[in-house]
Protein chains: 2
Amino acid sequence: MIKGLNHIAIAVPDLALAAKRYKDHLGAVVSAPMAQPEHGVNVVFVELDNAKIELLEPLGEDSPIAKFLERNPEGGIHHICLEVDNVDLASKKLSADGIRVLGGGEAKIGAHGKPVIFLHPKDFYSTLIELEQT
Amino acid sequence: MIKGLNHIAIAVPDLALAAKRYKDHLGAVVSAPMAQPEHGVNVVFVELDNAKIELLEPLGEDSPIAKFLERNPEGGIHHICLEVDNVDLASKKLSADGIRVLGGGEAKIGAHGKPVIFLHPKDFYSTLIELEQT
């Protein structure tokens, strides 16, 4: 079912500083910051040869990463995103397996404009896994 | 400097169960468990199209992930590994930049038989970054 690794998402308290740190010290190719108000984050893409790191900063009142940063004020890895052919089929199989699919198992349109689901981190060793349809 | 993402390492309390979980529920291609006594871990490789997830279980008394699992008994992402051309040059540049390179900045031979260094997680938003020479 899972195919490639799409990205690793890292929540940071200050996006501009984090982007500068990845660029200056690791020589990374980083995008300009992009606001994604419908997802409650500002994002910088760190372009690797085969995948991306997405640096995320909260945007707005209901940011999904605000609570994470309250618990982890210095930042941290928030989730990893793996690619699948069909998130609806994945969601049905996982739910039938007893894996908790967040949001009642319904796919939503993710930050890349594609359907995504998230799996409960307690079902995968404290790793929040996003499955994106590609 | 950084090129590709080599792997995401996830520490787990029970490697056989974790491998079965990735295989049965995510349809992942997983290797047989491999003991790496010189690195204090048993490893299962989850093969993705473009990278790997490495599931790690402690092996022996001085396992480098034992303390991590004491703090995170359900497991969690332990580190990410990025590829560079030359870890010695990377180590010198990072140290000159004021980034803390663990182990005094000296490269060691990592689990894949290649030179590696680790960067202090406090310098990268609580993400432990391994740089591997490829």
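You'll find the structure just up there.
The structure displayed is predicted, hence computed values, not measured ones. As a convention, each chain's residues are numbered from 1 in the sequence order in which they are written. For this description, chains carry letters from A and ligands carry numbers from 1, given in the order in which they are written. Restriction of local features to residues with pLDDT of at least 70 applies here, the model being predicted, together with a cutoff of 80 or more for giving and counting side-chain atom pairs; totals for whole chains, interfaces and linings are based on all residues. Processing note: side-chain calculations cover all non-hydrogen atoms of the structure and skip hydrogens and water entirely.

(A) Main features of the interface of chain B and chain A. With 44 residues of chain B in contact, the opposing surface of chain A contributes 45 residues. As a working definition, buried area equals the accessible area (1.4 Å probe) given up by two parts on being put together, with both sides summed. Across the chain B to chain A interface the summed buried area is about 3,700 Å²; carbon plus sulfur atoms make up 62%. The largest per-residue losses of area from chain B upon contact with chain A belong to B:His25, B:Leu26 and B:Tyr125, which jointly make up 22% of the total buried on that side. Criterion for a salt bridge: a side-chain nitrogen of Lys or Arg within 4 Å of a carboxyl oxygen of Asp or Glu. Seen at the junction of chain B and chain A, the total is two salt bridges. Residue A:Lys122 pairs with B:Glu74 through a salt bridge whose shortest N-O separation is 3.4 Å. Of all the elements in the fold, those that place two or more residues in the side of chain B that touches chain A are β1 (5–11), α1 (15–26), β6 (76–84), α3 (87–96) and β9 (129–133) of chain B. The greatest single-element share of the side of chain B that touches chain A, amounting to seven residues, is contributed by α1(B). Partitioned by chemical class, the residues of the side of chain B that touches chain A number 26 nonpolar, eight polar and ten charged. Between two residues, a contact is recorded if the distance between any of their heavy atoms is within 4.5 Å. In this description a helix means any DSSP run of H or I spanning at least four residues, a strand means any run of E spanning at least two, and both kinds are numbered starting from the N terminus. Following the grouping adopted for this structure description, the nonpolar residues are Ala, Val, Leu, Ile, Met, Phe, Trp, Tyr, Cys and Pro, the charged ones are Asp, Glu, Lys and Arg, and the polar ones are all others, Gly among them.

(B) Local environment of helix α1 (residues 15–26) of chain A. Residues and elements named next belong to chain A. Between its terminal C-alpha atoms α1 stretches 16 Å, which fits the 16 Å expected from twelve residues at 1.5 Å a residue. Three exposure classes are used, based on accessible area relative to the maximum for each residue type with a 1.4 Å probe and protein chains only: buried under 20%, partly exposed in between, and exposed over 50%. Those residues of α1 that fall on the buried side of the exposure criterion are Leu15, Ala18, Ala19, Tyr22, His25 and Leu26. Buried residues in α1, looked at end-on, bunch into an arc of 165 degrees, giving them a common side. Exposed side of α1, more than 90 degrees from the buried face: Ala16 and Leu17 are the residues found there. An expected span of 1.5 Å times one less than the residue number is assigned to each helix. To be clear, the arc concerns the directions from the helix axis to the C-beta atoms.

(C) Up close: the packing of aromatic side chains. The rule is short: rings of Phe, Tyr and Trp, with Trp giving its six-membered ring, pair when the centres are within 6.5 Å, and they are stacked under 30 degrees, edge-to-face over 60, tilted in between. One pass over the structure, following the stated rule, counts two aromatic pairs over all chains. The interplanar angle of 75 degrees and the centroid separation of 5.4 Å between the aromatic rings of A:Tyr22 and B:Phe124 together place this pair among those described as edge-to-face. Of this pair, A:Tyr22 sits in helix α1 while B:Phe124 sits in the loop between β8 (115–119) and β9, placing the two residues on different chains. A relative accessible area of 0% means that A:Tyr22 is categorised as buried.

(D) Just the environment of A:Ala96, in detail. Residue and element names in this part refer to chain A. Looking at where alanine 96 falls in the secondary structure, it is placed in helix α3 (residues 87–96). Exposure remark for alanine 96: the relative accessible area of 67% places this residue in the exposed category. When the C-alpha positions of alanine 96 and serine 63 are compared, they lie 30 Å apart, and in sequence the two are 33 residues distant.

(E) Representation of the relation of the copies chain B and chain A in the model. When the copies are superposed, the least-squares fit draws on C-alpha atoms of residues that have pLDDT of at least 70 in both. With an RMSD of 0.0 Å, the fit of chain B onto chain A corresponds to turning through 180 degrees and sliding 0.0 Å along the axis. Interpreted geometrically, this transformation is the action of a two-fold axis. When C-alpha distances to the rotation axis are compared across chain B, the minimum falls at B:Asn50, with a value of 3.1 Å. When the interface residues of chain B are mapped onto chain A, 100% of them again lie at the interface, so the same face is used by both copies.

(F) Main features of the pattern of salt bridges. All names here are of chain A. Counted under the stated rule, the structure contains ten salt bridges over all chains. A salt bridge links lysine 3 to aspartate 85; its shortest N-O distance comes to 2.8 Å. In this pair, lysine 3 sits in the segment before β1 (5–11) while aspartate 85 sits in the loop between β6 (76–84) and α3, placing the two residues 82 residues apart along the sequence.

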